[in-house]
Amino acid sequence: MSKLLIPVDFSENARIAAAYAAQIAQETHDEITLFHSFTSHINKFANAKHLVDPTEGEAHRKMEELVAELLQKYPSLKISTLFTNGILAESLDKQEIKDSYRAVIMGTKGVTGLESVLIGSNTYDVIKESKIPVLAIPKNAVKLKKDNIALLTNFKPGELEVLKQAIPLYGKNFHLQLIHINKSELEINTLGQKLEKWIEQIIAETGIEDISYIVKVPSYFAGSRENIANGIHTIIRDEDIDVILITKSRKTFFQNIFTENIVKHMAFEIEVPNFFGRID
C-alpha cells in the first residue's frame with residue numbers, strides 16, 4: 001500500500017491539509033501518515049535524562065484528537081502516526097522518506113501572511129529539499145477539487161514526469177490546462193505546432209486526452225503591471241484552475257522553467273493547491 005506523509009503542527013492549516021489528504025486517500029486507498037516534528041525544546045531537554053519535554057505529551061494528545069476527527073469523517077481511512085526530533089525539512093530529506101511515501105501534503109496559510117507562515121513551519125524548506133513531490137494546500141482548499149488541473153510548461157521532459165507524479169493522487173479523469181509563457185516569442189504557427197506535438201506526447205505517455213492550452217507573451221504581464229508569477233495567478237483565477245503542477249529541479253532549484261524565479265514566487269503566493277513535482 002502506498003502512503004502519503006502529512007506534517008502537522010495541529011494548526012487549522014495543518015488540519016485542512018490532513019482533511020484534503022484524507023479525501024485523496026479515500027479515492028486512492030493510500031494510507032496517510034501524520035508526521036509531527038519536535039523542534040522548540042530540543043536543546044533545552046537534550047541532555048536532561050530525567051526531564052520530559054512537556055510539549056511531547058500534549059503533541060501526542062493532539063495527535064490522538066486529530067486521528068479521531070479524521071476517522072469520524074472517513075471511517076475507512078488507514079492512518080498511522082510518526083514523531084521525530086529535528087528540523088522538518090531535514091527529516092523529510094532522508095532516503096527512507098523517498099522509499100516509503102508517494103508525496104508530502106502540507107498546509108499553508110494563503111496569500112496573506114504566507115511568507116511568515118512558510119518560514120515558521122518550514123514549508124518553503126520542505127518544498128526545496130524534499131526528495132518526493134510536495135503538495136501545498138492553502139487554507140481555502142477544504143474540499144478536494146480536480147476537474148481542471150494546470151501544468152506550467154516549457155516543453156521540458158521533466159514536466160511530463162511531474163504530471164506522471166501527480167496522476168497517482170488525482171487520477172486521469174480531469175481537464176489538463178497547459179500554461180505556456182512565450183518568452184522566446186515564437187511565431188504563432190510555429191508555437192502551435194510545437195504545442196500540438198507536445199500534447200500528442202502527453203496523450204501517448206499518460207493517457208490523458210482532455211487537454212487545452214493557454215499561451216501568454218511577456219508583454220501581457222508588463223501591460224497589466226504584473227510579474228509573470230502574479231500573471232499566472234490571474235490565469236488560475238480566470239480559468240478556474242483547481243490544482244497547478246509546478247516542476248522543480250534539484251540542480252537548479254526553482255530556476256529551471258523561466259529566467260525569473262517564478263516557482264519561488266508561486267510557493268509564496270498559493271491560492272489553489274500547488275503540486276511541486278521533483279526531477280533530478
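Please refer to the structure placed before this passage.
Residues numbered from 1 in each chain as written. Predicted model: local features only at pLDDT ≥ 70, side-chain atom pairs only at ≥ 80, totals over all residues. Heavy atoms only, no water.

A few points about the nonpolar core
Judged by nonpolar contacts, the single largest core of 53 residues is most densely connected at Leu34 and Tyr170. Of all the elements, helix α1 (residues 12-28) adds the most residues to this core, at nine residues. Non-local contacts of leucine 34, meaning those with residues more than four positions away in its chain, are made with Ile6, Val8, Ala18, Met63, Leu66, Val67, Leu70, Ile79, Ser80, Thr81 and Leu82. Counting 28 residues, the second-largest nonpolar core is a separate cluster that includes Val126, Ile179, Ile214 and Phe276. (Core = buried A, V, L, I, M, F, W, Y, C linked by side-chain atoms within 4.5 Å. Buried < 20%, exposed > 50% of the residue type's maximum accessible area, 1.4 Å probe, protein only. Helix = DSSP H or I, 4+ residues; strand = E, 2+ residues; numbered from the N terminus. Contact = heavy atoms within 4.5 Å.)

A few points about the packing of helix α8 (residues 157-170) against helix α9 (residues 188-206)
Close contact between α8 and α9 brings their axes to 11 Å; oriented N to C, the two are set at 40 degrees. Accordingly, the angle class assigned to the pair α8 and α9 is oblique. As for how α8 packs across α9, the hand of that crossing is right-handed. Along the contact surface, α8 presents Glu159, Leu160, Leu163, Lys164 and Ile167, while α9 presents Trp198, Gln201, Ile202, Glu205 and Thr206. Classifying every residue of the contact of α8 with α9 by side-chain character gives five nonpolar, two polar and three charged. (Axes fitted to C-alpha atoms, helices over the stretch in contact; angles between N-to-C directions. Parallel < 35°, antiparallel > 145°, perpendicular 65-115°, else oblique. Left-handed = near helix turned anticlockwise from the far one by under 90°. Nonpolar A, V, L, I, M, F, W, Y, C, P; charged D, E, K, R; others polar.)

Quick notes on the side chain of aspartate 30
Residue position: aspartate 30 is located in the loop between α1 and β2 (31-38). Taking relative accessible area as the criterion, aspartate 30 reaches 4% and is therefore assigned buried. Polar side-chain contacts of aspartate 30 include one of 3.0 Å to the side chain of threonine 28. Side chain to side chain, aspartate 30 and arginine 102 meet in a polar contact 3.1 Å long. Not counting chain neighbours up to four residues away, the residues in contact with aspartate 30 comprise Met1, Ser2, Leu4, Ala25, Lys78 and Arg102. (Polar contact = N/O pair within 3.5 Å; in protein donor to acceptor, adjacent residues only side chain to side chain.)

Brief notes about α9
Helix length check: α9 (19 residues) gives 26 Å between terminal C-alpha atoms against 27 Å at 1.5 Å per residue, within 8%. Restricting attention to buried positions, one finds in α9 the residues Leu191, Gly192, Leu195, Trp198, Ile199, Ile202 and Thr206. One side of α9 carries all its buried residues, which in axial view fall inside an arc of 125 degrees. Away from the buried face of α9 by more than 90 degrees, exposed residues Asn189, Gln193, Lys197, Glu200 and Ala204 are located. (Expected span 1.5 Å × (residues − 1). Arc of directions from axis to C-beta.)

Topic: unusual backbone geometry
Backbone geometry at phenylalanine 10 places phi at a positive 70 degrees, although glycine is not the residue there. Take phenylalanine 10: it is sitting in the loop between β1 (3-7) and α1. With a relative accessible area of 13%, phenylalanine 10 lands in the buried category. Phi is positive for histidine 29, which is not a glycine, with a value near 65 degrees. Residue placement: histidine 29 occurs in the loop between α1 and β2.

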